[in-house]
Amino acid sequence: GVSNVQLVKEEPGMGEMYHNKSVAEQNSLDLAWDMLMSKQFDKLRKYIFGTRAEMLRFRQLIVNVVLATDIFDKEQIKFRNSRWEKAFGGGQLEVALSPEDDRSLKATIVIEYIMQASDVSHTMQHWHVYQRWNERLFEEMYSAFQVRRGDQDPSIGWYQGELWFFDNYIIPLARKLKECAVFGAASE
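Quick notes on the rules
Residues numbered from 1 in each chain as written. Predicted model: local features only at pLDDT ≥ 70, side-chain atom pairs only at ≥ 80, totals over all residues. Heavy atoms only, no water. Helix = DSSP H or I, 4+ residues; strand = E, 2+ residues; numbered from the N terminus. Expected span 1.5 Å × (residues − 1). Buried < 20%, exposed > 50% of the residue type's maximum accessible area, 1.4 Å probe, protein only. Contact = heavy atoms within 4.5 Å. Arc of directions from axis to C-beta. Phe/Tyr/Trp six-rings, centres within 6.5 Å; stacked < 30°, edge-to-face > 60°. Salt bridge = Lys/Arg side-chain N within 4 Å of Asp/Glu carboxyl O.

A. Layout of helix α7 (residues 99–119). When the terminal C-alpha atoms of α7 are compared, their 30 Å separation across 21 residues agrees well with the 30 Å that a helix rising 1.5 Å per residue should span. The complete set of buried residues in α7 reads L105, T108, I109, V110, E112, Y113, Q116 and A117. Elements in contact with the buried residues of α7: α5 (52–67), α6 (74–88) and α9 (158–179).

Here's what the structure looks like:
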């Protein structure tokens with residue numbers, strides 16, 4: 001219920017460290033990566049990646065996927081939409097890719113969009129599931145507002161905001177996942 005803008009106000013050092021971009025997401029990445037790299041996860045790391053190159057690829061994939069959940073960063077949205085268009089919409093890439101690199105790019109993009117869908121999955125489920133999670137989100141945001149951790153009272157314009165969110169985020173996201181046919185017949 002607390003936005004990245006609010007986190008930067010409360011923790012200016014954190015904002016500075018992450019250049020005021022996707023602060024919550026980057027902080028979560030750093031904490032999780034530090035934990036994964038600790039001694040207690042030596043065996044797990046050996047199963048996930050065996051070489052430094054595999055580790056770097058894995059880290060980049062994780063970073064891309066987690067940063068994709070920051071749905072309010074307009075630059076990142078524009079960048080992701082541009083990449084999608086180039087990979088799936090017939091747009092031109094700056095550099096011609098080998099078939100393997102093309103598959104890798106498409107796979108990375110699809111994983112990012114699947115992560116976005118999972119982040120808002122309550123909007124794509126049964127009405128009762130949507131209501132329950134939406135109510136919890138509202139309560140979280142309203143509690144943050146009451147203790148001055150949010151600038152806007154979410155009760156003002158909640159309904160219109162939900163309509164905007166569906167029209168401008170959820171429906172386009174679902175269309176992209178359908179277009180790439182990642183779920184096969186289940187995409188219908």
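B. Structural view of helix α3 (residues 23–36). The first and last C-alpha atoms of α3 sit 20 Å apart over 14 residues, in line with the 20 Å expected at 1.5 Å per residue. Restricting attention to buried positions, one finds in α3 the residues V23, E25, L29, W33 and L36. The buried residues of α3 occupy an angular sector of 165° when the element is viewed end-on, so they sit on one face. More than 90 degrees from the buried face of α3, the exposed residues found are L31, D34 and M35.

C. Spotlight on the packing of aromatic side chains. Enumeration according to the criterion identifies 11 aromatic pairs in this entry. Consider the rings of F165 and Y169, whose centres lie 5.3 Å apart with planes at 15°: the pair is stacked. Of this pair, F165 and Y169 both sit in helix α9, separated by four residues, roughly a single helical turn. Judged by relative accessible area, which is 15%, F165 ranks as buried. Each residue in the set F138, Y142, F145 and W158 is aromatic and connected to the rest through ring pairs, giving one cluster.

D. Structural detail: the pattern of salt bridges. Under the definition given, this model contains nine salt bridges. The shortest N-O distance in the salt bridge between K21 and E75 comes to 3.5 Å. Residue K21 is located in the loop between α2 (12–17) and α3, and its partner E75 is located in helix α6; the two are separated by 54 residues in the primary sequence. Each of K21, D73 and E75 takes part in a single network of salt bridges with overlapping partners.

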